Amino acid sequence: MAIRIGDEAPDFTAETTEGTIRFHEWIVDKWAILFSHPKDFTPVCTTELGYMAKLKPEFDKRNTKIIGLSADPVTDHSRWVKDIEETQGAAINYPMIGDPELKVAKQYDMIHPNATAGPNRTPVDNQTVRNVFIIGPDKKVKAILIYPMSAGRNFDEVLRLLDAVQLNAQQTVATPVNWKPGDEVIIPTSVSDEEAKKKYPQGFKTHKPYLRTVRLP
């Protein structure tokens with residue numbers, strides 16, 4: 001079943017490097033980032049996992065938990081994290097899900113539902129398991145990013161996207177192209193000018209009837 005923005009994130013129970021978790025219980029009332037990998041001991045993923053460990057304090061500030069997944073057993077993860085720390089200069093400080101039977105990958109529509117698991121599978125067999133899901137405290141999927149194996153993910157962009165969807169959850173605003181925290185935001189067309197004047201007494205700019213921007217205090 002395809003997973004789309006607005007759907008409830010599938011719940012699952014899985015082994016991780018920090019013990020067994022039930023996903024929804026693990027999220028509790030926080031935001032969550034679930035990001036996946038096709039196989040352990042792969043070069044691009046090694047750099048990504050290390051960078052996420054360095055970024056974890058930024059996600060902590062945003063009330064967001066991060067969790068990785070790889071289509072290999074946790075026993076392999078435990079060996080891989082040593083390589084990640086050695087080469088990337090950062091120890092893994094978040095759980096990594098073992099998914100050797102591809103159960104979570106299939107639940108999240110990361111791989112063909114008829115794909116078969118097994119120790120002889122290669123990264124190419126699992127190459128579609130390269131997703132990022134941003135999940136809200138309500139357990140709904142807020143954003144999905146999918147990358148090919150050859151391109152390292154931009155996790156600074158994931159952080160920026162998280163800021164945008166969190167702002168949208170807090171206030172009735174949208175964000176324009178290349179928005180960063182502190183930039184002007186867009187007033188949705190569902191908000192009338194009269195409502196906007198009450199909500200934003202500091203004033204707002206009307207570029208077109210459908211395009212109004214405001215700088216939040």
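Just so we're clear, the structure is a prediction, and the values are computed from it rather than from any experiment.

Calculation notes
Residues numbered from 1 in each chain as written. Predicted model: local features only at pLDDT ≥ 70, side-chain atom pairs only at ≥ 80, totals over all residues. Heavy atoms only, no water. Helix = DSSP H or I, 4+ residues; strand = E, 2+ residues; numbered from the N terminus. Buried < 20%, exposed > 50% of the residue type's maximum accessible area, 1.4 Å probe, protein only. Contact = heavy atoms within 4.5 Å. Areas by Shrake-Rupley, 256 points an atom, 1.4 Å probe, with all protein chains shown as cover. Lys, Arg positive; Asp, Glu negative; His and termini not counted. Charge placed at Lys NZ, Arg CZ, Asp CG, Glu CD. Salt bridge = Lys/Arg side-chain N within 4 Å of Asp/Glu carboxyl O. Expected span 1.5 Å × (residues − 1). Pairing = 2+ DSSP bridges.

A. Fine view of the overall build of the protein. Along the protein, the regular secondary structure elements total 6 helices and 10 strands. Taking the principal axes of the C-alpha coordinates as reference, the protein spans close to 60 × 40 × 30 Å. Within the span of the protein, comprising 217 residues, buried residues form 44% of the whole. In the protein, of all internal contacts separated by at least 6 residues, the share reaching a separation of at least 24 is 63%. When the accessible surface of the protein is summed, it comes to about 11,200 Å², and 52% of that surface belongs to carbon and sulfur atoms. Across the protein, the 28 positively charged side chains and the 29 negatively charged ones have centroids separated by 6 Å.

B. Unusual backbone geometry, seen in detail. Its identity as a non-glycine residue notwithstanding, Phe41 has a phi of 60°, on the positive side. In this fold, Phe41 is placed in the loop between strand E3 (31-37) and helix H2 (43-61).

C. Examining the pattern of salt bridges more closely. Throughout the structure, instances matching the rule amount to 15 salt bridges. The shortest N-O distance in the salt bridge between Lys103 and Glu101 comes to 3.2 Å. Because the salt bridges share partners, they merge into one network encompassing Glu58, Lys61, Arg62 and Asp163.

D. Quick peek at helix H3 (residues 74-88). Helix length check: H3, at 15 residues, gives a terminal C-alpha distance of 20 Å against a target of 21 Å (1.5 Å per residue), a fit within 8%. All of the buried residues along H3 are Val74, Asp76, His77, Trp80 and Ile84. Residues of H3 that are buried make contact with strand E1 (13-16), H2, strand E4 (64-70) and strand E5 (96-98). One or two residues past the end of H3 sits Gly89, with phi positive at roughly 70°.

E. How the structure looks around the pairing of strand E7 (residues 141-146). Pairing of strand E6 (residues 131-135) with E7, which is carried by 5 bridges, proceeds in the antiparallel orientation. Within E7, the residue paired with Ile135 across the bridge is Val141. Here E6 folds back onto E7 in antiparallel fashion, the turn holding 5 residues, of which Lys139 has a positive phi close to 70°.

From the geometry alone we can't say anything about function, so treat these as descriptive.
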